[in-house]
Amino acid sequence: MSILITGGAGYIGSHTDLCLLNEGYDIVVVDNYDNSSPEALRRVMELTGKTFPYYEADACDEEKLAEIMKKHGVDSVIHFAGLKAVGESVRIPLRYYENNLLSTIRLLKAMETVGVKKMIFSSSATVYSADNQVPLTETGKLGCTNPYGWTKYMNEQILRDAAVADKELTVVLLRYFNPVGAHESGRIGEDPSGIPNNLMPYISQTAVGRRDHLTVYGNDYNTHDGTGVRDYIHVMDLARGHVAAVRYADTFKGSDAINLGTGVGYSVLDMVHAFEEANHIKVPYVIGARRPGDIDTVYSNPAKAKEKLGWQAEKTLVDMCRDQWNWQSHNPNGYAK
Ligand code: NAD
Ligand code: UFG
């Protein structure tokens, strides 16, 4: 039995591949390398000492997905494949709706064809409406502010409906908070194309000299130092959460949404200072205007993950900052030579 990993060459996918292999699972990866490189997969093999099949294919290609699942005896799927840049999704919404919705629909149809009944889906804290109280619990009100977020919201609905219609189907909707850091080896990590949208890669690319300075988006939020607060989670903790979700999917039928976060919020300046202290390096920054769409404070209530998955985040803020820098400083240009 094997697990199909769509988007398995990406940031979270590659770390999850590694955890699954280390736990003795067989995997098969499908990625179109739209935002990744097969080099990440080669490094996962190097780190684990294991090989696995991988295909350059589109997760919207229903026939190909069915063929791969059949060939490799797949019995569950982790669906990471998707486009994830919030700003880009506002500029080219149709590309986001097409890629992120069609891939899920075609994957579900391919699963139906070959009789695969378990799916773990990459959802996001972005599905929570901005008017919830923190910490966010899974029963919070849903609602989005950008096309990327709506693709996650709609995918959740599609998957819930599919699980209502097919009583044999199990769907676990994992709502990630803010993944950061890298595997402790520094061999795999996040390699955003172009200018990073997210805080941590921007900090580490500034520290390594690829960016002149960080712009802190606003210091007049209602937080302890005026800068935005988020729930940063080490990507290896997140990857372990997927192993736990694969096991959990064996225990029930239907759908369930679960937060993967630490339950602790840190501000932008907390992150800058923690990164500087952990790595003994300066991160030049300026205070700029607020980024449209950002809110004061987002962090999770992680209790359900502990109860249902038997999982909780273990890595510290220092681990996140150290491992982010270990990856960035050894791979200043990511996977590019
Ligand atoms: P990533 O871009 O590194 O990984 C996504 C992978 O999917 C990439 O390798 C990309 O090439 C691939 N892909 C995209 N469209 C595809 C398609 N049609 N067919 C085949 N492959 C395709 O992103 P990530 O940070 O690893 O995120 C993984 C998932 O988690 C995404 O669905 C993302 O929306 C979600 N997520 C990410 C974050 C975050 O902050 N990183 C937060 C919440 C949710
Ligand atoms: N920030 C800066 N400067 C930067 C980048 C970010 O000050 O150059 C600030 C933001 O204003 C925010 C915080 O750093 O206060 C975190 O911003 P990110 O862009 O790293 O993360 P977001 O919380 O905005 O969004 C991320 C993902 C979304 C996902 C969401 C919840 O980008 O896709 O987490 O999971 F939906």
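Here's what I pulled together on the structure shown here.

Here is what the cut-offs are and how they apply
Note on numbering: residues in each chain are counted from 1, in written sequence order. Here chains are named by letter from A upward and ligands by number from 1 upward, in the order in which they appear as written. Totals for whole chains, interfaces and linings use all residues, but because this is a predicted model, local features are given only for residues with pLDDT of at least 70 and pairs of side-chain atoms are given and counted only at 80 or more. Each side-chain value is worked out from all heavy atoms of the structure, with water and hydrogens disregarded. We call a residue near a molecule or strand when any one of its heavy atoms sits within 4 Å of it. Within 3.5 Å is the distance limit for a polar contact, defined as a pair of N or O atoms, with the added protein rule that one can donate a hydrogen and the other accept it, and that residues adjacent in sequence qualify only through two side-chain atoms. The Shrake-Rupley method, run with a 1.4 Å probe, gives the accessible areas here. Residue values count only the displayed protein chains as cover. A run of DSSP states H or I qualifies as a helix once it reaches four residues; a run of E qualifies as a strand once it reaches two. Both are numbered from the N-terminal end. Only the contacting stretch of a helix is used when fitting its axis, a line to C-alpha atoms as for every element, and angles between N-to-C directions run 0 to 180 degrees. Every angle not falling under 35 degrees, over 145, or within 65 to 115 is termed oblique; those three ranges are roughly parallel, roughly antiparallel and roughly perpendicular. Each helix crossing is assigned a hand: it is left-handed if the near helix lies turned anticlockwise from the far helix by less than a right angle, otherwise right-handed if that turn is clockwise. Here a residue-residue contact requires only that any non-hydrogen atoms of the pair lie within 4.5 Å. Residues were grouped as follows: Ala, Val, Leu, Ile, Met, Phe, Trp, Tyr, Cys and Pro as nonpolar; Asp, Glu, Lys and Arg as charged; and all remaining residues, including Gly, as polar. Remark: exposure states derive from per-residue accessible area (1.4 Å probe, protein chains only) relative to the maximum for the residue type, with buried under 20%, exposed over 50%, and partly exposed in between. Only strands that DSSP links by at least two bridges are regarded as paired with each other. Take the buried residues of types Ala, Val, Leu, Ile, Met, Phe, Trp, Tyr and Cys, join any two whose side-chain atoms come within 4.5 Å, and each joined set is a nonpolar core.

### Quick look at the site of ligand 2
Part 1 of the argument: Every one of the 20 residues lining ligand 2 counts as a neighbour, but Ser-124, Asn-198, Thr-215, Arg-291 and Asp-294 are closest to it.
Part 2 of the argument: Contact distances for ligand 2 include 3.4 Å between an oxygen atom and a backbone N or O atom of Asn-197.
Part 3 of the argument: Within the side chain of Asp-294, a nitrogen or oxygen atom sits 2.6 Å from an oxygen atom of ligand 2.
Part 4 of the argument: Protein chains bury 90% of the 690 Å² of accessible surface belonging to ligand 2 in isolation.
Part 5 of the argument: Counting residues per element, the shell around ligand 2 draws most heavily on strand β8 (residues 214–217), which supplies 4 residues.

### Details of the packing of helix α3 (residues 62–71) against helix α5 (residues 93–114)
Part 1 of the argument: Between α3 and α5, the shortest axis-to-axis distance is 8 Å and the interhelical angle comes to 45 degrees. As far as their axial angle goes, α5 and α3 are oblique. Both α3 and α5 take part in a crossing whose hand is right-handed. On α5, the residues that touch Glu-62, Leu-65, Ala-66, Met-69 and Lys-70 of α3 are Arg-106, Leu-107, Lys-109, Ala-110, Met-111 and Val-114.
Part 2 of the argument: For the contact of α3 with α5, a count of residues per class yields 7 nonpolar, no polar and 4 charged.

### Some words on the pairing of strand β1 (residues 2–6)
Part 1 of the argument: Buried residues dominate β1, accounting for 5 of its 5 residues.
Part 2 of the argument: Side chains Ser-2, Leu-4 and Thr-6 project from β1 onto one buried face, and the interleaved Ile-3 and Ile-5 project onto a second face that is buried too.
Part 3 of the argument: The sheet contact formed by β1 and strand β2 (residues 26–31) spans 5 bridges and is parallel. Considered in β2, the bridge of Ile-3 is made with Ile-27.
Part 4 of the argument: With 5 bridges joining them, β1 and strand β4 (residues 74–79) adopt parallel strand pairing. Looking at the pairing, Thr-6 lines up with His-79 of β4.

### A few points about the pairing of β4
Part 1 of the argument: By the criterion of burial, β4 is predominantly enclosed, with 5 of the 6 residues buried.
Part 2 of the argument: Bridge analysis of β4 against strand β5 (residues 118–124) gives 3 bridges, and the strand direction is parallel. Bridge pairing in β5 places Val-77 opposite Met-119.

### Details of the nonpolar core
Most often, soluble globular proteins have nonpolar side chains that are buried together.
Part 1 of the argument: In this structure, Val-172, Leu-174 and Leu-309 are the most contacted members of the largest nonpolar core, which totals 44 residues.
Part 2 of the argument: Of all elements in the fold, only β1, α1 (11–22), β2, α2 (38–48), β6 (170–176), α8 (235–248), β11 (254–260) and α10 (303–309) reach the threshold of two or more residues within this core.
Part 3 of the argument: Take this core: its biggest share by element is 9 residues, from α8.
Part 4 of the argument: Not counting chain neighbours up to four residues away, the residues in contact with Leu-174 comprise Ile-120, Phe-121, Ser-122, Ser-123, Ser-124, His-242, Ala-245, Ile-258, Leu-260 and Leu-309.

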